[in-house]
Every structure is written in C-alpha cells, then in structure tokens.
Amino acid sequence: EEEQPPCGLCGAAAAPYTCPRCNRRLCSLGCYRGHGGCAEAFYREQVLQALETERDPPPGRDRLASAFRRLRQLGEAEDAAGPLGRDLWKSLSPAERAGFQRLLSSGEAATLLPAWRPWWWRRRRLVEELGKPQAGEEEEDEDEEAAAGPPPLLPAVVTPLSSLRAPPPSPLLPFQLPNVLFGYAFALSLHGGDETLLPELPAAVLDVSAALRGRRAFASAAEALHAARYDVSVAGYPQCPLGDAGTVLAVVQILEGREGRTDGEDVAVALLHLERLFRKGESHLPKEERRRFGNARRKCRYLLAWSREAPETLAALAEEARVVHAGVVREAAALSEEAERGCGGP
C-alpha cells in the first residue's frame, strides 16, 4: 500500500485533505486555511471562467449577446430582453404574434407560469430585504406563502450523532453543508418539486454537490458555494428557475430558517427530505449503480445528526453564505450595466 504523504504545512503524518489548486496535502482546517485562500480562489476563477462565453468578445452585438447570456445564468435578466427579444419577435409568424398578444391581453399568459414554490420560500423576507412593503402587500405576502409547497415532515426524534457508527466530525465538516444545500435547492427547483422524476432529481443533486459525490473538503462556506456554482456550469444543466443568485439565497434561507421554527429545523427538514429522495431514487437504479445514492443518503443522515447539535455553527454558515449572495448580486449588477451600455439605455 502506497504511503500517504505528510501535511505540506506542518509535517503531520496524517494528511487526508488535498487543495484542488496546488494539490498540497493538508491535515486539518487550520493548515487548510493557513496555506492561503488557494482553494476558494480556484473555484471562484472556475465559476467566472464558466460564466464568460468568450474571453474577448467582439464589440457591438456579439458582446451584448454575451452579457445577456451571462445575466440569464445568474437569474437576474428579467427586464433585459433588449435586442434579443426583438429578434425573437421578428422570427414569429403573424398568427403566432396575434396569439401571443391575445394571451397577454386576456391574462391567460399568467396561467402558463408554474405555481410551484419551494417549501422554504417566504415572500415577506424578500420584501424586507428589498425595502419597505407597499400598501396592500401584506395580504399578497400571505398568498405567496400559501402557494409554497408544504415542507417535508421532520420526525420527533433524530438519531444523535453519538449513536452513528462513524468517525468524529472533521473540523471541515460544517462547510460541506452549504454545498449540499445548494445542490438540493438547485435540483428541486430545476424539476419544479416533482418527486416522481426519479432517479433524475437526486442524480442532479449529486452532479452539483461534490460533497455528496465523494470526499471533497472545503475550507469555507464561500468555497463550498463557488464549487457548486462551478459544477452547475460544467454539468450541462439549464439554469433552474431560482437562478444562480437565487439558489445561493435559498441556502441562506434554509440555514437561517423560517420564522417560528426552532434553530436548525429547516436544515434538518432539507437533509431528511434529501435522504428520502436518495432512498426513492435507489429503487429506480440497477443494483450495481445504487452505491453512490446509498453513500449520499448516509452522508445526509450524518449531516442531519450533526446539524441538530450545532445551531451556532449553522448561524455562522448563514452569515457567510449571505456574503456570497451579495457578491453574486453585485456580479449581476455589473453585467446589467454592461448590457445597458450596449443597448444605450435600460
């Protein structure tokens, strides 16, 4: 058996972690952080490269189209149809244009939009983040929250961490959680909450969450979230309805929890729901392919047991995830400015 190299920072014999950028072997969270922001910088660079459709796009129309494509990926391009929308309109036949106008004028177009909302959705919190609610908005908030899907049930008793046959938690374990929750929110939103899409829905979680695919270590919540964003960009999936910024915000909301819930309850609900999805997905796979779902399911169970005993850590993760969300929003705002300069106006 090949001998494992020692820690590249302190020389310790046991060094189970590897930096994805410099491949240095590291033994602990202290050494992982001590060798610099190498891993987080690696994932951020990969995300930004994936968002760039061209390194040096030509001026004019192609550059503008590139900005719009990147805005769509961030989920922030609702009001940025611009010349791309006009091109689509020109491609429609007279009959198609008349039909579209009829849908708009009659209000039927609204019925074509999906009514599903994730169970963690809370319109009131979004209103508070954007500014003071307008008159009559409180009633609308209640309707919005009523439209959200019911949360999965949480059992009265969760198996304590000490009862699981597993090694003690690593100091890097907390940073696995944002990566897992990003994959959960992305996949559930991508499939509109349709749990009959098996094994596609849990398979999408695995494609996006490296923490569930294998022994991937992260030194911060930011690194974990950037890694998930990068995995979305290379997995070939379309952007989910939440968008890139919205998926990061979903992680924040789950970590913070809804009003009236105990600390960590929404995290436990998400992990238990994900564990059940993997269990259901296993039955739709050939026997030889079930192992990866089973491993992911056990990882969810372990994180569930740990999270019930670490409410203060969950709050710290939520704060760090909120900083990441603010950065993604700023990135989208910069792209909007670029698009507006190309359009000559809003």
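Residues numbered from 1 in each chain as written. Predicted model: local features only at pLDDT ≥ 70, side-chain atom pairs only at ≥ 80, totals over all residues. Heavy atoms only, no water.

As annotated in an unreviewed UniProt entry, the protein chain is ZNHI2 protein from Spizaetus tyrannus.

Looking now at the overall build of the protein chain. When you go through the protein chain residue by residue, the secondary structure sums to 15 helices and two strands. Counting the 346 residues in the protein chain, one finds 42% classified as buried. Nonlocal contacts in the protein chain, meaning residues at least 24 apart in sequence, comprise 67% of its contacts between residues at least 6 apart. Accessible surface computed for the protein chain: about 18,300 Å², of which carbon and sulfur atoms make up 52%. (Helix = DSSP H or I, 4+ residues; strand = E, 2+ residues; numbered from the N terminus. Buried < 20%, exposed > 50% of the residue type's maximum accessible area, 1.4 Å probe, protein only. Contact = heavy atoms within 4.5 Å. Areas by Shrake-Rupley, 256 points an atom, 1.4 Å probe, with all protein chains shown as cover.)

Let us now look at the side chain of Gln 176. By the element assignment, Gln 176 lies in helix H8 (residues 176–190). Reaching out from Gln 176, the side chain makes a polar contact with the side chain of Lys 299 at a distance of 2.8 Å. Ignoring sequence-local partners within four residues, the contact set of Gln 176 consists of Ala 211, Arg 216, Ala 217, Phe 218, Lys 299 and Leu 303. (Polar contact = N/O pair within 3.5 Å; in protein donor to acceptor, adjacent residues only side chain to side chain.)

Next up on the list: the nonpolar core. Among soluble globular proteins, nonpolar side chains are generally buried collectively. The biggest cluster of nonpolar side chains holds 81 residues, and the ones touching the most others in it are Trp 120, Leu 177, Phe 182, Leu 212, Leu 255 and Phe 278. Among the elements that take part in this core, H8 stands out by supplying ten residues, more than any other. In terms of domain composition, this core takes at least three residues from each of domain 1 (1–53) and domain 3 (161–343). If we skip the residues at most four places from it in the chain, Leu 255 touches Leu 177, Leu 181, Val 267, Leu 314, Leu 317, Ala 318 and Ala 321. (Core = buried A, V, L, I, M, F, W, Y, C linked by side-chain atoms within 4.5 Å. Domains from an automatic or database assignment.)

Before going further, it helps to spend a moment on the packing of aromatic side chains. Using the criterion set out here, one finds four aromatic pairs in the structure. Measuring from centroid to centroid gives 5.9 Å for Trp 120 and Tyr 184, while their planes differ by 45°, and the two rings are tilted. With Trp 120 in the loop between helix H5 (94–106) and helix H6 (123–130) and Tyr 184 in helix H8, this residue pair connects regions lying 64 residues apart in the sequence. Each member of the pair Trp 120 and Tyr 184 is classed as buried. Judged by centre distance (5.5 Å) and plane angle (75°), the ring pair of Phe 278 and Phe 293 falls under edge-to-face. Of this pair, Phe 278 sits in helix H13 (residues 265–282) while Phe 293 is found in helix H14 (residues 291–307), placing the two residues 15 residues apart along the sequence. (Phe/Tyr/Trp six-rings, centres within 6.5 Å; stacked < 30°, edge-to-face > 60°.)

Attention shifts here to the layout of surface pockets. Counted as a void, the second largest pocket has a volume near 940 Å³. Looking at the second largest pocket, it is lined by 28 residues, and the ones nearest its centre are Gln 176, Gly 214, Arg 215, Lys 299 and Tyr 302. The set of elements that each furnish at least two residues to the lining of the second largest pocket consists of strand S1 (17–18), helix H10 (210–213) and H14. Take the lining of the second largest pocket: its biggest share by element is seven residues, from H14. Residues belonging to the lining of the second largest pocket are distributed by class as follows: 15 nonpolar, five polar and eight charged. Two domains each donate at least three residues to the lining of the second largest pocket, and these are domain 1 (1–53) and domain 3 (161–343). (1 Å grid on protein atoms, 1.4 Å probe; cavity = no way out; pocket = protein on both sides within 12 Å on 5 of 7 lines; lining within 4 Å. Points joined across faces, edges and corners; volume = space filled by probe spheres on them. Nonpolar A, V, L, I, M, F, W, Y, C, P; charged D, E, K, R; others polar.)

It is worth spelling out the environment of Leu 272 at this point. Considering the arrangement of structural elements, one finds Leu 272 in helix H13. Owing to a relative accessible area of 5%, Leu 272 belongs among the buried residues under this scheme. Separated by 29 residues in sequence, Leu 272 and Arg 301 place their C-alpha atoms 7.2 Å apart.

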